[in-house]
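# Summary of structural features
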Amino acid sequence: MIWETYSKWGGVAYQFILCLNLIMAFVYLINQKLDYKKLFIAALFIVFFIFISFHTYNNQINYGFGSIVLMLLIVLFLQINDIDQKEVFKVFSFIFMLAVIPAIIYWIGEELLNIKFSYGIIYPINSIKNSGGTLYKHFFGAIIAINKNYIIDTPRLCGVFDEPGVIGTVAALLLVGDKLDLKKNKKNIIIFVAGVLSFSLTFFVLIVIYYTIKNITKSPKKIIIFAFTIITCLFLISTYGVKNELLNRYIFSRLEIQNGEISGNNRTSDSFDYIYNNFLNSGDLKDIFFGKGTDAANNNIWMIGSSSYKKLIYDFGIIGSFYSLIFILCIIPIKYKEPNKDMIIFVLIFVFSIYQRPYVMNLQYLVILLGGISNLYLTINEKEEKDSQSFKIYE
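Residues numbered from 1 in each chain as written. Predicted model: local features only at pLDDT ≥ 70, side-chain atom pairs only at ≥ 80, totals over all residues. Heavy atoms only, no water.

The next thing to look at is the overall build of the protein chain. The helix and strand inventory of the protein chain stands at 16 helices and six strands. Taken across its 395 residues, the protein chain has 46% of its residues classed as buried. Carbon together with sulfur atoms contributes 66% to the accessible area of the protein chain, which is approximately 21400 Å² in total. (Helix = DSSP H or I, 4+ residues; strand = E, 2+ residues; numbered from the N terminus. Buried < 20%, exposed > 50% of the residue type's maximum accessible area, 1.4 Å probe, protein only. Areas by Shrake-Rupley, 256 points an atom, 1.4 Å probe, with all protein chains shown as cover.)

Right, dumping it as structure tokens:
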């Protein structure tokens, strides 16, 4: 969040809220029965936490107060029952919605209604954004990203976060974790609008992937409609999109294939790729399997500012990266005997998001993952139970 990055009081408030949550979680779990499946999942996470705490880039043990509190919160959250995990997911979505509303108001006011609000300018601490010309318009309670290098530019929604991509990724995951329900849950409409106005390629890609997986296995009629929609979109892109500078810059041009890669994969720099390729080709099996250590990429001057799954491999190696992936994929098989299709799709979308948001073994992303799984599990089961009761009434 911007408050934590640019304000010392934001950091203090963040630590206070963490400690308060930890106390409440302990109080909540005092009278709860032990669930050995959840304890096993917690043990898997603790193993990962020990690994990243002791295997660091500078060989110094990393176990600060904040990291320990976060670890305990994650372990305790893993023990909460599905009903309460679902409620936490709902509250998280609601808070996220509140956080993006001011930015949406400013964006609509300035871009569509020509209303001028007072704002300051914040310069990014990310070197890649800085060199790329990114600036932040700092309004009261929100920021919006602009680019000084373009004469014609559409501001991108950031909310209280330091880049539009965070809005896009989190919005997509929250929506998929709630079945992209824009009818019953009105807050999802605001979250959807925030994702669109972020102009985050990740948001659009994750939503399209979700829609594709969700509907491709259904009736032939839906497959035909989906295919027609895709063809129509491709036609519009070829005739209008590439001629529109803004849409072409942020969306369409980033979907082109260049040198075997998607051009929109701009999460690394040339210097990052050079260091990363040397790392893979070094022949040092210890580094390749276990990585350079926690925060190695973030403390390498040639890799700072990038965000890619490659950072996960560089820091934790093949084994550490694979372990975190297995942890995510094992949650459903361990906890649930009969998972539904929506839960599995959600986990797959979550895994896809790691491509550009690699560090998901943290509190916020695990709350989204676990809460989304619980939400989909209970929502589907409640619907089936209601349908079953309705059927019995008519018998």
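That covers the picture; the talk isn't over yet.
All right, on to a nonpolar patch on the surface then. A cluster of nonpolar residues, Ile 46, Ile 50, Phe 54, Ile 61, Tyr 63 and Ile 68, forms a patch on the protein surface that exposes about 570 Å² of accessible area. With three residues, helix α3 (residues 36–54) is the single largest residue contributor to the nonpolar patch. Tracing the backbone shows Ile 61 in the loop between α3 and α4 (65–79). Judged by relative accessible area, which is 44%, Ile 61 ranks as partly exposed. (Patch = residues over 30% accessible without salt bridge, like charges linked within 9 Å, V, L, I, M, F, W, Y side chains within 5 Å. Salt bridge = Lys/Arg side-chain N within 4 Å of Asp/Glu carboxyl O.)

This paragraph deals with the packing of helix α5 (residues 82–111) against helix α8 (residues 187–197). Direction vectors running N to C along α5 and α8 enclose 55 degrees, while the axes themselves pass 9 Å from each other. Taken together, the axes of α5 and α8 lie oblique to each other. By crossing handedness, the relation of α5 to α8 is classed as left-handed. Side by side, α5 and α8 meet where Lys 90, Ser 93, Phe 94, Phe 96, Met 97, Val 100, Ile 101, Ile 104 and Trp 107 of the first sit next to Lys 187, Ile 190, Ile 191, Val 193, Ala 194 and Leu 197 of the second. Of the residues contributing to the contact of α5 with α8, the split by class is twelve nonpolar, one polar and two charged. (Axes fitted to C-alpha atoms, helices over the stretch in contact; angles between N-to-C directions. Parallel < 35°, antiparallel > 145°, perpendicular 65-115°, else oblique. Left-handed = near helix turned anticlockwise from the far one by under 90°. Contact = heavy atoms within 4.5 Å. Nonpolar A, V, L, I, M, F, W, Y, C, P; charged D, E, K, R; others polar.)

With that out of the way, let us pick up unusual backbone geometry. The backbone phi angle of Asn 114 is positive, close to 60 degrees, even though this residue is not glycine. Assignment of secondary structure puts Asn 114 in the loop between α5 and β1 (120–122). For Phe 199, which is not glycine, the phi torsion reads 50 degrees and is therefore positive. Note that Phe 199 resides in the loop between α8 and α9 (201–216).

Here we come to the pattern of salt bridges. Counting across every chain of the model gives seven salt bridges. Note that Asp 287 is salt-bridged to Lys 292, the shortest N-O span being 3.0 Å. For Asp 287, a relative accessible area of 14% gives the class buried. Residue classification places Lys 292 among the partly exposed positions, given a relative accessible area of 35%.

Let's shift gears to the nonpolar core. Judged by nonpolar contacts, the single largest core of 78 residues is most densely connected at Phe 45, Phe 96, Phe 327, Ile 328, Leu 369 and Ile 373. Counting nine residues, the second largest nonpolar core, distinct from the first, contains Phe 279, Ala 296, Ala 297 and Ile 313. (Core = buried A, V, L, I, M, F, W, Y, C linked by side-chain atoms within 4.5 Å.)

In terms of burial, strand β3 (residues 142–147) is largely enclosed, as five of its six residues are buried. When strand β2 (residues 134–139) meets β3, the two strands line up antiparallel, connected through six bridges. Following the sheet pairing, Phe 139 is matched in β3 by Ala 142. Connecting β2 to the next strand, β3, in antiparallel fashion are two residues, including Gly 141 with a positive phi near 85 degrees. Strand direction decides the pairing type here: β3 and strand β4 (residues 156–159), joined by three bridges, are antiparallel. Considered in β4, the bridge of Ile 144 is made with Leu 157. (Pairing = 2+ DSSP bridges.)

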